[in-house]
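Geometric and topological summary
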Amino acid sequence: MSDFMRWMYDHYIRPNIESQPKDDAEAVCFDLLSNELAPDMRQHLQKALSYYAVQGFRLGVRTGAALNADLR
(Lines give C-alpha, C1' and ligand atoms only; values in the text may rest on other atoms or scores of the structure.)
Protein backbone atom coordinates (compact mmCIF):
# COMPACT_ATOMS: atom_id res chain seq x y z
CA MET A 1 0.00 0.00 0.00
CA SER A 2 1.40 3.38 -0.95
CA ASP A 3 2.07 6.14 1.57
CA PHE A 4 -0.79 8.13 0.06
CA MET A 5 -3.25 5.26 0.52
CA ARG A 6 -2.07 4.78 4.12
CA TRP A 7 -2.72 8.47 4.71
CA MET A 8 -6.14 8.22 3.05
CA TYR A 9 -6.99 5.22 5.24
CA ASP A 10 -5.87 6.92 8.45
CA HIS A 11 -7.47 10.31 7.73
CA TYR A 12 -10.52 9.57 5.59
CA ILE A 13 -11.49 5.92 5.13
CA ARG A 14 -11.16 4.63 8.70
CA PRO A 15 -12.83 7.63 10.38
CA ASN A 16 -15.69 7.34 7.90
CA ILE A 17 -16.11 3.61 8.55
CA GLU A 18 -15.90 4.05 12.33
CA SER A 19 -18.49 6.84 12.29
CA GLN A 20 -21.15 4.55 10.80
CA PRO A 21 -23.85 3.61 13.30
CA LYS A 22 -23.89 0.03 14.53
CA ASP A 23 -26.91 -1.76 15.92
CA ASP A 24 -26.63 -3.72 19.17
CA ALA A 25 -25.89 -7.05 17.47
CA GLU A 26 -23.06 -5.56 15.42
CA ALA A 27 -21.59 -3.82 18.46
CA VAL A 28 -21.62 -7.07 20.45
CA CYS A 29 -19.95 -8.90 17.58
CA PHE A 30 -17.15 -6.34 17.35
CA ASP A 31 -16.66 -6.28 21.12
CA LEU A 32 -16.48 -10.08 21.31
CA LEU A 33 -13.91 -10.19 18.53
CA SER A 34 -11.81 -7.47 20.11
CA ASN A 35 -11.92 -9.11 23.55
CA GLU A 36 -11.00 -12.58 22.25
CA LEU A 37 -7.94 -11.54 20.26
CA ALA A 38 -4.51 -11.14 21.76
CA PRO A 39 -2.98 -7.67 21.22
CA ASP A 40 -0.65 -8.85 18.44
CA MET A 41 -3.55 -10.58 16.67
CA ARG A 42 -5.59 -7.36 16.90
CA GLN A 43 -2.78 -5.60 15.05
CA HIS A 44 -2.77 -8.28 12.35
CA LEU A 45 -6.56 -8.01 12.05
CA GLN A 46 -6.29 -4.22 11.75
CA LYS A 47 -3.72 -4.57 8.95
CA ALA A 48 -5.98 -6.99 7.09
CA LEU A 49 -9.01 -4.73 7.56
CA SER A 50 -7.07 -1.69 6.35
CA TYR A 51 -5.94 -3.57 3.24
CA TYR A 52 -9.49 -4.59 2.32
CA ALA A 53 -10.93 -1.16 3.14
CA VAL A 54 -8.38 0.53 0.88
CA GLN A 55 -9.03 -1.95 -1.92
CA GLY A 56 -12.78 -1.36 -1.60
CA PHE A 57 -12.22 2.41 -1.66
CA ARG A 58 -10.05 2.13 -4.76
CA LEU A 59 -12.67 -0.04 -6.47
CA GLY A 60 -15.32 2.55 -5.68
CA VAL A 61 -13.20 5.35 -7.14
CA ARG A 62 -12.46 3.33 -10.31
CA THR A 63 -16.11 2.36 -10.68
CA GLY A 64 -17.24 5.94 -10.21
CA ALA A 65 -14.72 7.15 -12.78
CA ALA A 66 -15.79 4.47 -15.27
CA LEU A 67 -19.49 5.28 -14.81
CA ASN A 68 -19.00 9.05 -14.87
CA ALA A 69 -20.34 9.50 -18.38
CA ASP A 70 -23.29 7.15 -17.78
CA LEU A 71 -24.31 8.99 -14.62
CA ARG A 72 -24.68 12.37 -16.33
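The preceding data block contains the structure.
Just so it is clear, the structure is predicted and the values come from calculations on it, not from any experiment. Starting from 1, residues in each chain are numbered consecutively following that chain's sequence as written. It should be noted that, the model being predicted, local features are given only for residues of pLDDT at least 70 and side-chain atom pairs only at 80 or more, the latter also being counted only at that level, while totals for whole chains, interfaces and linings use all residues. The side-chain quantities take in all heavy atoms of the structure and omit both hydrogens and water.

**Remarks on the side chain of Ser-50**
In this text, helices come from DSSP runs of H or I with a minimum length of four residues, and strands from runs of E with a minimum of two, each type numbered from the N-terminal end. The residue Ser-50 is located in helix 3 (residues 39-66) in this model. Overall, Ser-50 belongs to the buried group, its relative accessible area being 9%. A polar side-chain atom of Ser-50 sits 2.8 Å from the main-chain carbonyl oxygen of Lys-47. When checking whether two residues touch, look at their non-hydrogen atoms; a contact exists if any pair is within 4.5 Å. The contact partners of Ser-50, leaving out residues within four places of it in the chain, are Met-1 and Tyr-9. The buried label applies to any residue whose accessible area, calculated with a 1.4 Å probe on protein chains only, is under 20% of its type's maximum; exposed applies above 50%, and partly exposed to all values in between. In protein, a polar contact requires one atom able to donate a hydrogen and another able to accept it; more generally it is a pair of N or O atoms within 3.5 Å, and residues adjacent in sequence count only if both atoms are side-chain atoms.

**Focus: the packing of aromatic side chains**
The way to describe two aromatic rings as a pair is by their centre distance and the angle between their planes. Centre distance within 6.5 Å is the pairing criterion for rings of Phe, Tyr and Trp, where only the six-membered ring of Trp is used; planes under 30 degrees apart are then read as stacked, over 60 as edge-to-face, and the remainder as tilted. The full count for this structure, using the stated rule, is two aromatic pairs. A ring pair is formed by Tyr-12 and Phe-57, whose centres lie 5.9 Å apart and whose planes are at 65°; its orientation type is edge-to-face. Of this pair, Tyr-12 sits in helix 1 (residues 3-18) while Phe-57 is found in helix 3, placing the two residues 45 residues apart along the sequence. Positioned above the aromatic ring of Phe-30, the side-chain terminus of Lys-22 is 5.6 Å from the ring centre. Here, over-ring charges are defined by two tests on the NZ atom of lysine or the CZ atom of arginine: distance to the ring centre within 6 Å, and angle to the ring normal within 35 degrees.

**Things to note about the nonpolar core**
Nonpolar side chains in soluble globular proteins generally cluster together in the buried interior. Nonpolar cores are built from buried Ala, Val, Leu, Ile, Met, Phe, Trp, Tyr and Cys residues. Side-chain atoms within 4.5 Å join them into one set. Grouped together as the largest cluster of nonpolar side chains are six residues: Met-5, Met-8, Tyr-9, Ile-13, Ala-53 and Val-54. The dominant element in this core, judged by the number of residues it contributes, is helix 1, at four residues. Excluding its chain neighbours within four sequence positions, the residues that come into contact with Met-5 are Val-54, Phe-57 and Arg-58.

**Focus on helix 3**
The span you would expect from a helix comes to 1.5 Å times its residue count less one. For helix 3, which comprises 28 residues, the first-to-last C-alpha distance of 41 Å matches the rise-based estimate of 40 Å (1.5 Å per residue) to within 8%. Taken as a whole, helix 3 has its buried residues at Ser-50, Ala-53 and Val-54. Where the residues of helix 3 are buried, they touch helix 1.

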